[in-house]
Amino acid sequence: MAMLTAILVLMLASGLMAGMFAAVLADQRSHQTDRDQTQAYAAAHAGLEKLTSTLGLLFEGDFSPSASQLNVLDNYPPGIPGFEYTAPGGSPGSGYEITYIPDPGPGPNTGNPMASPNNDITTGPFEGLKGLITPYTITVTARSTTGASEVRLRREIQTVAVPVFQFGIFGEKTLGFHAGPNFDFGGRVHTNEKLYLASGSGSTLTFRDKITAFDEVVRDRLSNGISITLTNHGGNVSVPTVIGASYRNLGSGESSGTTASPWPGWANLSTNTYHANIRTAATGAKRLDLPLATQGATPVDLIKRPGVNSNENIVNKVVFDQRYFSQASVRILLSDRATDITDLPTVTSTPPVALDGDWNVAPPAGYVVGAGRPALARAIAPDPSLNVGAPINTRVSSISGTTLTIQTNTPPSGTWSTGLPEWLRVANNGFIINGTPVTCTGINNSPATQLSGCGAHPAFASGATVSVTFEGTTRTTTLSAAASLNSATININSLTTGQLFRAAKTFYVGEDPVSCTYYDTTKLYGCLWGAGTLSANDPAYSGSTLDGNNSPIGGFLKIEKQDAAGTWTDVTMELLNFGFAGPNLAGNACGDPTPNAVIRLQRLRDSGLGAGGCSGTASTNYANSTNGLDYYPNMIFDAREGNTRLVATNAGLNLAGLFSYVALDVNNFRRWVTGALGGSGSQVLNNNGYIVYFSDRRGNHDPSLTNSAETGEFGFEDSINPSASAWAKNNTLDGGEDFNENGTLETYGETPDPLAVPFGANHLPPFDNSARPWDVLPRNLSGQGRMARQVLFRRALKIVNGGMVGASNSLPNGFTVASENPVYIQGDFNATSTDVTAEPNMPAAVIADAITLLSNAWNDEISFRYANDETNRNATNTGYRFAMITGKAIPFAKPAGWGVNELGSDGGVHNFMRMLEDWGGRTLRYRGSMVSLFFSRQAIGIYRADANTYGAPTRGYNFDSDFLTPALLPPGTPMFRDVNTLKFRQILRPNQ
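In this text the structure is predicted, and so the values were computed from the model without any measurement.

Asker: Tell me about the overall build of the protein chain, and please be specific about residues and values.
Answerer: Across its full length, the protein chain holds 12 helices and 55 strands. Considering the protein chain as a whole, with its 992 residues, one finds that 57% of them fall into the buried category. Expressed as a percentage of contacts within the protein chain between residues at least 6 apart in sequence, the contacts between residues at least 24 apart total 70%.

Listed below in structure tokens is the structure:
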């Protein structure tokens with residue numbers, strides 16, 4: 001029994017032990033399965049996150065990625081040992097994929113993800129706006145290599161692209177509102193910094209939509225720190241409590257506070273009283289950044305060139321693709337060196353065109369001077385007797401009818417003597433030698449014994465007949481010596497009394513252009529000018545500030561077009577062959593010498609302000625001239641840029657305000673791209689419209705950088721100096737001066753670079769290497785500024801001929817101009833002077849360092865004649881319809897003793913668009929979206945509303961609600977981008 005009992009106990013113990021081992025093994029297998037499943041889940045989740053992340057990165061660079069771009073993402077799952085990404089059950093196929101709804105076509109987007117363009121955004125920082133929303137489904141299946149475990153996860157997401165122009169007003173920097181009259185623009189308002197709200201006493205600032213400020217809302221002072229009680233801004237600020245239904249005035253004591261000291265009552269006011277229609281970060285406002293800000297760039301890079309030899313299109317393609325330089329249909333580039341253009345990424349190897357020399361003698365390859373094709377503007381050689389480099393020393397000593405007697409002061413004696421300097425003796429280019437027309441550009445000696453600068457001609461024997469028709473009479477003489485083939489000089493016998501050559505094409509006496517028909521050794525005859533404006537002892541001078549046969553234009557030009565395939569082609573000569581000049585601006589109108597010009601680098605010289613001019617006798621009719629001596633550079637004086645303080649209205653012109661510009665003719669650009677002008681314009685990229693990119697860096701060099709590199713910035717920041725007199729440097733980085741925000745005081749821009757003054761001592765001051773921004777051109781020499789070669793980095797683009805006359809001048813789909821330089825918009829643009837809602841209009845945008853609006857009445861001539869007196873620069877009603885992205889001035893604390901209490905502010909939102917005329921009693925109509933993303937790097941002038949600068953208009957400003965429809969946005973509109981997760985789940989069945 002004892003043995004039997006022992007055996008039974010042993011058997012029981014063995015059973016218990018076997019059961020225990022079985023339980024342990026089962027538990028181990030269960031834990032191993034759980035572990036494998038958990039690891040598979042983690043692997044699947046890792047794949048899901050990587051695919052979401054890479055899609056987000058792709059979306060930051062391209063808000064509308066193609067199917068081929070997305071297919072690349074599918075090919076790079078994470079590498080996790082022990083797991084692979086295959087179809088469920090290990091069957092053939094991918095376990096790592098993005099799916100979407102393909103565009104059914106037809107069209108270029110066929111097969112690509114199809115976006116819904118008008119979806120309302122109901123949550124997040126873009127709530128209430130419409131976005132381009134594209135849904136995606138991400139499915140990831142992670143399977144262990146042993147096949148023991150498998151997990152399948154699915155996430156539904158959407159990418160949201162929100163156009164920046166869906167905001168009525170957007171500011172990357174501080175925004176300020178302080179209009180004197182009522183201001184009611186409309187649209188959503190956001191700033192990534194502080195928001196200053198005020199209105200002129202007795203007036204109301206009205207908001208119609210949500211307001212968000214990532215920093216604070218400040219209600220009791222302007223952005224320059226001055227209390228609104230001192231600036232007469234005690235008016236109402238009306239903010240919606242229910243959008244479109246009810247409003248409440250935000251009190252002057254209801255600021256959200258400062259960053260350091262928030263107001264405790266703000267949260268209740270913002271969230272409950274205003275129902276979150278006005279918010280700061282404390283009550284839910286989010287910072288809104290363009291993708292550039294997360295990719296190592298800044299918003300200003302939208303308009304900047306990429307670096308020379310940077311290969312940015314390869315090494316940082318995400319940033320490169322967001323530059324307008326890359327997106328453009330056409331880009332216009334100017335620099336002092338050809339390599340500063342050709343060494344840019346994606347620029348073609350075709351050499352740029354040199355804008356120098358005498359094109360009457362040696363035009364560039366592919367250009368033929370002729371009808372509608374003028375020669376490049378050329379300087380008149382100064383007389384050596386004038387001692388080039390000395391002050392102007394020629395004057396009118398007496399006036400008798402239309403005859404002027406000229407005297408010259410010859411250094412170093414300082415004695416005035418009667419006689420004409422060389423620059424007042426210029427041939428009229430009408431010579432016939434033995435029946436052959438010969439063009440000569442000058443004469444030597446007085447009386448004339450030699451023709452100079454003669455173009456191509458055969459050889460002539462001594463005694464050959466020379467004739468020229470002057471005022472209907474043909475005069476003749478003979479050659480005094482044989483002229484060899486194509487000789488630049490031809491010796492002639494002295495001509496008879498009256499001299500058969502007209503005087504300088506145009507010269508200036510004081511501020512007045514004068515044209516004369518002929519001369520003798522001491523007098524100019526048949527002179528035309530503004531009656532009664534000349535006085536004895538007025539200085540007489542030409543605009544020549546450099547050697548003859550050199551051009552006041554200068555530099556290198558390259559224009560390229562991009563086609564639909566992304567291929568760039570040089571079209572510089574194609575566009576130059578349409579002509580590149582504009583009409584004269586003073587005297588009798590001469591007409592447009594190149595009516596088909598797409599870009600305009602120069603203009604006809606001014607005529608005398610009297611009867612005749614271009615419409616007078618044959619000797620004064622130069623409307624269709626092909627001679628470079630008949631052309632001036634495009635110049636404008638900008639009073640805001642020229643002065644840092646209020647100056648006398650009769651003060652001279654500071655060189656900082658003297659800008660050289662290139663004009664873009666909008667209507668002729670339209671004619672080119674639509675095929676009306678011929679050429680290759682119809683091949684230009686039309687991506688929902690056309691984009692023109694402009695960058696002029698002539699004169700822009702920082703000698704502290706390798707190879708005196710360009711920067712795209714004026715490079716002179718020591719300009720405000722609150723405790724010093726106007727333009728007096730203090731060598732200190734004061735508030736409002738750090739335009740590029742690098743914490744360093746730059747001053748290299750105050751000195752002309754040798755590349756901008758290529759002819760050295762042969763320039764006349766102040767347009768030589770001694771020029772400084774604060775140098776003053778006297779009023780009675782202001783005409784010199786209109787004809788001089790620019791030596792400081794003051795370059796701009798002017799948009800002309802863009803008004804609506806009907807459907808014929810609207811570009812297909814839309815039009816965007818992006819400029820690294822300041823932009824002047826002259827006259828109606830995409831609107832009429834009375835209507836900014838007229839149809840058909842085009843979705844239009846202008847993006848620039850600064851934007852200045854010039855009315856239909858503007859003439860560059862008045863900017864020189866009345867440089868510091870806006871009351872004589874009278875505007876007329878003008879209309880503009882375009883979205884804008886612009887730089888602005890840096891707000892700074894108003895210095896004591898500076899007078900007007902608004903000084904130091906950026907001028908407020910109502911002054912984002914700058915003005916230079918007296919708009920008093922006239923209406924400026926604007927419809928669009930106002931966005932400021934950076935501080936101006938080139939147009940550094942501070943806000944000033946005074947007698948020098950401008951008189952405020954009646955502002956007819958409104959948000960363009962068309963921009964709430966994505967299809968009506970201008971081409972290249974920057975997008976805020978976001979990725980939203982909608983659903984997430986684990987898939988349990990393979991067929992799900």
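Here the narrative resumes, following the displayed structure.
Asker: Describe the sheet that holds strand β13 (residues 234-242), listing the residues and the values that go with them.
Answerer: Strand order in the open sheet formed by three strands is β10-β13-β14, and the pairing between neighbours is mixed. The sheet terminates laterally at β10 (199-206) and β14 (246-249), the two strands that pair on one side only. For this sheet, the mean angle separating the axes of adjacent strands, direction not counted, is 30°. Bridging between β10 and β13 involves four bridges; their strand directions are parallel. Across the sheet, Thr206 pairs through a bridge with Ser238, a residue of β13.

Asker: I'd like a rundown of the packing of aromatic side chains, residues and numbers included.
Answerer: Across all of its chains, the model carries 27 aromatic pairs by this definition. Between Phe165 and Phe963 the ring centres are 6.1 Å apart and the planes differ by 40°, which places this aromatic pair in the tilted class. A residue pair is termed long-range when its members are at least 10 positions apart, and Phe165 in the loop between β5 (150-163) and β6 (167-171) and Phe963 in the loop between β54 (954-959) and β55 (975-987) qualify at 798 residues. Just as Phe165 is buried, Phe963 falls in that class too. Connected via pairs of aromatic rings, a cluster forms that spans Phe177, Phe183, Phe185, Phe207, Phe829, Phe882, Tyr926 and Tyr957.

Asker: Explain the nonpolar core residue by residue, including any values.
Answerer: In terms of nonpolar packing, the biggest core is built from 90 residues, with Trp672, Phe815, Phe882 and Met930 touching the most fellow members. Among the elements that line this core, the one with the most residues is helix α10 (residues 666-673), at four residues. Setting aside anything within four residues of it in sequence, one finds Phe815 in contact with Leu664, Val666, Phe669, Tyr690, Val692, Phe829, Met842, Pro843, Ala844, Ala845 and Pro971. Core analysis: the second largest hydrophobic core is formed by 40 residues, Phe165, Phe325, Ala883 and Phe934 among them.

Asker: How would you sum up the sheet that holds strand β29 (residues 512-514)? Please name residues and give values.
Answerer: Strands sit in the order β29-β28-β32 across an open sheet of three strands; the sheet is antiparallel. Among the strands making up the open sheet, the edge pair consists of β29 and β32 (540-541). Bridge count between strand β28 (residues 507-509) and β32: two bridges; the pairing is antiparallel. What sits directly across from Val509, in β32, is Ala540.

Asker: Let's hear about a nonpolar patch on the surface: which residues, and what values?
Answerer: A cluster of nonpolar side chains, Met1, Met3, Leu4, Ile7, Leu8 and Met11, forms an exposed patch at the surface whose accessible area comes to about 720 Å². Inspection of the secondary structure puts Met11 in helix α1 (residues 2-61).

Asker: Describe in detail α10, supporting the description with residues and values.
Answerer: Of all eight residues making up α10, seven are buried, and the element is well covered by its neighbours. Those residues of α10 not exposed but buried are Val666, Asn667, Asn668, Phe669, Arg670, Trp672 and Val673.

Asker: Pulling in residues and values, what's your account of the pattern of salt bridges?
Answerer: Throughout the structure, instances matching the rule amount to 41 salt bridges. Two residues, Glu713 and Lys304, come together in a salt bridge whose shortest N-O distance is 3.8 Å. You can see Glu713 sitting in the loop between β42 (690-696) and β43 (776-777) and its partner Lys304 sitting in the loop between β15 (278-280) and α4 (312-315), a full 409 residues away along the chain. In terms of burial, Glu713 and Lys304 fall into one category: buried. When salt bridges that share partners are traced, they join Arg305, Arg697, Glu710 and Glu820 into one network.

Asker: Hey, could you go over the pairing of strand β4 (residues 130-144) for me, with residue numbers and the actual values?
Answerer: Among the 15 residues that make up β4, 12 are buried, leaving the element largely enclosed by the rest of the structure. Where strand β1 (residues 83-85) and β4 come together, three bridges link them in antiparallel fashion. The partner of Glu84 across the bridge, within β4, is Arg143. Adjacent in sequence and paired antiparallel, β4 and β5 are bridged by five residues, among which Gly147 carries a positive phi angle near 80°.

Asker: Now, about the confidence of the model for the protein chain: what can you tell me, with residues and values included?
Answerer: Here the protein chain averages 87 in pLDDT, and 90% of its residues register 70 or above. Below pLDDT 50 for its whole length, residues 384-390 participates in 18 contacts with residues either more than four positions away or in separate chains. Taken together, the stretch residues 496-500 has pLDDT below 50 and engages in 14 contacts with residues farther than four places along the chain or on a different chain.

Asker: Tell me what's going on with unusual backbone geometry, and back it up with residues and numbers.
Answerer: Omega for the peptide link from Glu839 to Pro840 comes to 0°, which places this bond in the cis form. Note that Pro840 resides in the loop between β46 (823-826) and β47 (844-848). Of note in the backbone geometry, Ala276 takes a positive phi value of approximately 65° without being a glycine. Topologically, Ala276 is positioned in the loop between α3 (266-273) and β15. A positive phi angle is found at Asn813, which is not glycine, with a value near 75°. For Asn813, the location among the structural elements is in the loop between β44 (795-800) and β45 (815-819). Judged by relative accessible area, which is 45%, Asn813 ranks as partly exposed.

Asker: Any details on the side chain of Gln166? Residues and values, ideally.
Answerer: By the element assignment, Gln166 lies in the loop between β5 and β6. The residues touching Gln166, leaving out its near neighbours within four places in the chain, are Leu129, Lys130, Arg188, Phe959, Phe963, Leu964 and Pro966.

Asker: Report on the pairing of strand β19 (residues 403-410), specifying residues and quantitative values.
Answerer: In terms of burial, β19 is largely enclosed, as seven of its eight residues are buried. In the sheet, strand β18 (residues 394-400) pairs with β19 via six bridges, with the strands oriented antiparallel. By the bridge assignment, Arg395 is partnered in β19 with Gln407. In the sheet, β19 pairs with strand β31 (residues 523-525) via two bridges, with the strands oriented antiparallel. Bridge assignment links Leu404 to a residue of β31, and that residue is Leu524. Of the strand pairs in this sheet, β19 and strand β20 (residues 415-418) are connected by four bridges, and their pairing is antiparallel. Following the sheet pairing, Thr410 is matched in β20 by Thr415.

Asker: Please give an account of the environment of Gly749 that cites residues and values.
Answerer: On the secondary structure map, Gly749 appears in the loop between β42 and β43. Taking C-alpha positions, Gly749 is 8.5 Å from Glu717, a pair spaced 32 residues apart along the chain. The contacts of Gly749, once residues within four sequence positions are left out, are Phe714, Gly715, Phe716 and Leu792.

The rules we used
Sequence positions are assigned chain by chain, starting from 1 and proceeding in written order. At least 70 in pLDDT is required for a residue's local features to be given in this predicted model, at least 80 for side-chain atom pairs to be given and counted, and no such filter applies to totals for whole chains, interfaces and linings, which use all residues. Computation of side-chain values: all heavy atoms of the structure, hydrogens and water removed. Secondary structure follows DSSP: runs of H or I at least 4 residues long count as helices, runs of E at least 2 residues long count as strands, and numbering of each begins at the N terminus. Think of it in three bands: residues with accessible area under 20% of the maximum for their type are buried, residues over 50% are exposed, and the middle band is partly exposed, with areas taken using a 1.4 Å probe on protein chains only. Whether two residues touch is decided by their heavy atoms; if any such pair falls within 4.5 Å, the residues are in contact. For two strands to count as paired, DSSP must find a minimum of two bridges between them. Every axis corresponds to a line fitted to the C-alpha atoms, with the helix fit spanning only the stretch in contact, and the corresponding angles, defined between N-to-C directions, vary from 0 to 180 degrees. Two aromatic rings from Phe, Tyr or Trp, using only the six-membered ring of Trp, form a pair when their centres are within 6.5 Å; if the ring planes differ by under 30 degrees the pair is stacked, by over 60 it is edge-to-face, and anything between is tilted. Residues belong to a common nonpolar core when they are buried Ala, Val, Leu, Ile, Met, Phe, Trp, Tyr or Cys residues joined through side-chain atoms within 4.5 Å. Patches here are clusters of residues that have more than 30% relative accessible area and form no salt bridge, with a 9 Å joining cutoff for like charges and a 5 Å cutoff for nonpolar side chains (Val, Leu, Ile, Met, Phe, Trp, Tyr). Accessible surface is estimated by sampling points in the Shrake-Rupley manner with a 1.4 Å probe; for residues, cover comes only from the protein chains shown. Salt-bridge detection follows one rule: a side-chain nitrogen of Lys or Arg within 4 Å of a carboxyl oxygen of Asp or Glu. Scored between 0 and 100, pLDDT is the confidence that the predictor attaches to each residue.

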